[in-house]
Amino acid sequence: MAISWCDGGDTDEECAVESSIDISDLPDLPRRGQAFWTEPFMGICVVGVLSTILIALTYGATAGAEATPVTGLGQIALTLIWAEAGVAVLSTLYLLFGNAGVVQRSEKTCYPIPSEVESLIKQQRTLDGLKNIPAGQDHPMHDSYCVRCCLWRPRNAGKVHHCNVCQRCVTGFDHHCGVFGRCIVRANMPCFLANIGMMFAGMVTAMMALMSSGAVVQEQGM
Ligand SMILES: [Zn+2]
Ligand SMILES: [Zn+2]
């Protein structure tokens, strides 16, 4: 069912002024799913354990070898492995705390409140069971109204999705990652890919360090 998205004012601002419900008086945002809090431990463990192992391997193969000078290649490997671990940790932090793609409540996104939602809120009744409300084909900005987040999701912002774990609407949705416990969207996709990339880069770096130390041992053996 499409609603008339502005009865009375010509702009969203005029509509916002007409609504008697303040943003702070809207129902609380939905509670996060249990997995939102538990899944990130897996991601933190994977990044932490892999980083530690790969750094230790690289150190063992270069600086760790007794009385052998660190070769040029070894030095590069040491610098690289720390940089790669750094990128992985920063990417993980952004994935966990960046709130990427989450549609926030604001004057622009909250108003006009659809009439059926507004009357239920005024009667202090639950919105459970209500279906999301399409804005109509002709609306320039809004796509549909999420009755759980109580906001209008934007048009032309990629796939818009209300995640059942994160319990928020996100734009540019790709998938919910069960390892990091967050939605992977257009905005944090580079971090997600960087994390996977750093895992392979770290393995190559550690391998390079092991090979360079092997070369030193061979030279000394000759
Ligand atoms: Zn939502
Ligand atoms: Zn999610």
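- Under an unreviewed UniProt entry, the protein has the name Palmitoyltransferase and belongs to Durusdinium trenchii.
- Under the heading Catalytic activity (unreviewed entry), UniProt records this for the protein: "L-cysteinyl-[protein] + hexadecanoyl-CoA = S-hexadecanoyl-L-cysteinyl-[protein] + CoA".
- For the record of the protein, the UniProt heading Subcellular location (unreviewed entry) holds the text "Membrane".

## Quick notes on the overall build of the protein
Okay, step 1: Per the secondary structure count, the protein includes six helices and seven strands.
Okay, step 2: Scanning the protein from its N terminus toward the C terminus, one meets helices and strands in the order α-α-α-α-α-β-β-β-β-β-β-β-α.
Okay, step 3: Counting all 222 residues of the protein, 43% fall into the buried class.

## Remarks on the coordination of the zinc ion (ligand 1)
Okay, step 1: Protein coordination at the zinc ion (ligand 1) comes from Cys-146 (SG), Cys-149 (SG), His-162 (ND1) and Cys-169 (SG), with a distance range of 2.0 to 2.3 Å.
Okay, step 2: Spacing between the donor residues of the zinc ion (ligand 1) along their common chain follows C-x2-C-x12-H-x6-C. Note that Cys-149 is positioned in the loop between β2 (142-146) and β3 (151-154) and His-162 in strand β4 (residues 161-162), a separation of 13 residues in sequence. Summarising the burial analysis for this pair, Cys-149 and His-162 share the class buried.

## Considerations on the coordination of the zinc ion (ligand 2)
Okay, step 1: Listed as protein donors to the zinc ion (ligand 2) are Cys-163 (SG), Cys-166 (SG), His-176 (ND1) and Cys-183 (SG); their distances from the metal cover 2.1 to 2.3 Å.
Okay, step 2: Between the four donor atoms coordinating the zinc ion (ligand 2), the angles at the centre fall across 101 to 123°, so the site counts as tetrahedral.

## Some words on the UniProt feature "transmembrane region" (unreviewed entry) in the protein
Okay, step 1: Listed under "transmembrane region" (unreviewed entry) in the UniProt record, and renumbered for this structure, are residues 41-61, 73-97 and 192-217.
Okay, step 2: Each end of residues 73-97 is marked by a C-alpha atom, and these two atoms are 36 Å apart; helix forms 100% of the span and strand 0%.

What counts and how
Residues numbered from 1 in each chain as written. Chains lettered and ligands numbered in written order. Predicted model: local features only at pLDDT ≥ 70, side-chain atom pairs only at ≥ 80, totals over all residues. Heavy atoms only, no water. UniProt positions renumbered as here; feature names shortened; annotations may be inferred. Helix = DSSP H or I, 4+ residues; strand = E, 2+ residues; numbered from the N terminus. Buried < 20%, exposed > 50% of the residue type's maximum accessible area, 1.4 Å probe, protein only. Donors = N, O, S within 2.8 Å, 3.2 Å for Na, K, Ca; no water. Tetrahedral: all angles 85-135°; square planar, octahedral: opposite > 155°, others 65-115°.

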